[in-house]
Amino acid sequence: MNVPVQSDQVLLDRYLSGDRNAISRLIERHSRRVRDYIRMMVKDGDVAEDIFQETFIKAVRVIDERRYADSGKFLSWVLRIAHNQVIDYFRAQRQNKTVTEAEAGYDVLGTLRFAEKTVEDDLVRTQIERDVRALIELLPEEQREVVMMRYFSGLSFKEIAENTDVSINTALGRMRYALINLRRMIKEKNMVLC
C-alpha cells in the first residue's frame, strides 16, 4: 500500500500542531540537497556538517517563532539560510586568516591579503555588496541619492551638488548623515562587512 507523500506545508502544519516527528521528516526530505550544496561551497565535510546543523537549527527556530510564511518554497528558503551560514563561515575565516613569519618563511605583513582571490572571496564580496545595496535602499531619498552618485557613479561632491541643485556643504551633510545611518543599521542588524 502506497502512503501519499505529504507536502512541506502539511508537515509544517503538523509540526506546529504538536507532531514533533513531522519536522524530522521535513528535514530528512531536504537534507541531501542542503548538505550537497553546503559541501560544494565549503569543500570540507566536517565544516559542512556543522553548517548543515546550524542551518536547520536556525530554520526550526524561525518556524517555532512562527515567522516562516510558507509560499511553497520551503527548500529554497532553507537553501538561502544555508547560503547565509556559508557566507558567515567564510567571513569568520577571512577575519582569522593570518600567518606567522615562521610559517611563511618571511614577513608578509601577517596577512594573506596578497594571495589570489578565491571563489570564497568572490562569494563573500558579492554578498557584502548585496547587503550594502539593501541598506542603501533603506536610506532617505536625499541621502541615498548622494551615496549612489558618490560611490557608484564616482562623482565629486561639487558634481553631486550641481546635479542635485544644492550647495557642496549640503551634499557633504547628506553624505555624513547617510554614513551615520548606515553604521547604525549595520550595528542594529549585527552585520559583519569585511
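Residues numbered from 1 in each chain as written. Predicted model: local features only at pLDDT ≥ 70, side-chain atom pairs only at ≥ 80, totals over all residues. Heavy atoms only, no water.

Colleague: Account for the packing of aromatic side chains, naming residues and giving values.
Modeller: Throughout the structure, instances matching the rule amount to five aromatic pairs. Measuring from ring centre to ring centre gives 5.1 Å for F52 and F56, while their planes differ by 65 degrees; the resulting arrangement is edge-to-face. Of the two residues, F52 and F56 are both situated in helix α3 (residues 45-64); the distance of four residues between them amounts to about one turn of the helix. Grouping aromatic residues by their ring pairs yields a cluster made of Y68, F74 and W77. (Phe/Tyr/Trp six-rings, centres within 6.5 Å; stacked < 30°, edge-to-face > 60°. Helix = DSSP H or I, 4+ residues; strand = E, 2+ residues; numbered from the N terminus.)

Colleague: Tell me about the packing of helix α8 (residues 157-164) against helix α9 (residues 168-188), and please be specific about residues and values.
Modeller: One can describe the packing of α8 onto α9 by two numbers: an axis separation of 8 Å at closest approach and a directional angle of 105 degrees. Judged by the angle between their axes, α8 and α9 are roughly perpendicular. In this structure, α8 uses F157, K158, I160 and A161 to contact α9, whose residues at the interface are I168, A171, L172 and M175. Considering only residue class, the contact of α8 with α9 consists of seven nonpolar, no polar and one charged. (Axes fitted to C-alpha atoms, helices over the stretch in contact; angles between N-to-C directions. Parallel < 35°, antiparallel > 145°, perpendicular 65-115°, else oblique. Contact = heavy atoms within 4.5 Å. Nonpolar A, V, L, I, M, F, W, Y, C, P; charged D, E, K, R; others polar.)

Colleague: Any chance you could break down the environment of G72 for me, citing the residues and the numbers?
Modeller: Inspection of the secondary structure assignment puts G72 in the loop between α3 and α4 (74-95). The exposure class assigned to G72 is exposed, which follows from its relative accessible area of 65%. Sequence separation between G72 and Q9 is 63 residues, and the spatial gap between their C-alpha atoms is 7.2 Å. (Buried < 20%, exposed > 50% of the residue type's maximum accessible area, 1.4 Å probe, protein only.)

Colleague: Quick rundown of unusual backbone geometry? Include the residues and the values.
Modeller: Most peptide bonds take the trans configuration, and most residues that are not glycine carry a negative phi. Positive phi is not limited to glycine here, since R66 has a value of about 60 degrees. In this fold, R66 is placed in the loop between α3 and α4. For R66, a relative accessible area of 57% corresponds to the exposed category. Backbone geometry at D165 places phi at a positive 60 degrees, although glycine is not the residue there. Structurally, D165 is set in the loop between α8 and α9.

Colleague: Please give an account of helix α2 (residues 20-42) that cites residues and values.
Modeller: Here α2 spans 31 Å end to end across 23 residues, near enough to the 33 Å set by a 1.5 Å rise per residue. Along its length, α2 shows its largest kink, about 50 degrees, at S31. Three or more residues of α2 are buried, namely A22, I23, L26, H30, S31, V34, I38, M41 and V42. Where α2 starts, the residue carrying a side-chain oxygen 3.1 Å from the main-chain nitrogen of N21 turns out to be D19. A positive backbone phi angle near 55 degrees is found at K43, which sits one or two residues after α2. (Expected span 1.5 Å × (residues − 1). Bend = angle between axes of the 7 residues up to and from the residue. Polar contact = N/O pair within 3.5 Å; in protein donor to acceptor, adjacent residues only side chain to side chain.)

Colleague: An account of the nonpolar core is requested, with residue identities and associated values reported.
Modeller: Ranked by internal contacts, the top residues of the largest apolar core, which has 30 residues, are V34, I38, V42, I63, F74 and V86. Residue assignment for this core shows that the elements contributing at least two residues are α1 (8-16), α2, α3, α4 and α6 (119-137). Apart from the residues lying within four places of it in its own chain, the contact partners of V42 are V47, A48, I51, V86, Y89 and F90. Membership of the second largest hydrophobic core comes to 15 residues, among which are V147, L155, F157 and M185. (Core = buried A, V, L, I, M, F, W, Y, C linked by side-chain atoms within 4.5 Å.)

Colleague: Lay out the pattern of salt bridges with the relevant residues and their values.
Modeller: Inspection of every chain in the model, using the stated rule, returns 11 salt bridges. In this structure, D36 engages R32 in a salt bridge whose closest nitrogen and oxygen atoms are separated by 3.8 Å. One end of the pair, D36, and the other, R32, are both in helix α2, four residues apart, so they sit about a helical turn from each other. With a relative accessible area of 66%, R32 lands in the exposed category. Between R35 and E49 there is a salt bridge, and its shortest N-O distance comes to 2.9 Å. Taken as a pair, R35 in helix α2 and E49 in helix α3 lie far apart in primary sequence, 14 residues in all. (Salt bridge = Lys/Arg side-chain N within 4 Å of Asp/Glu carboxyl O.)

Purely geometric stuff here, so don't read any function into it on its own.
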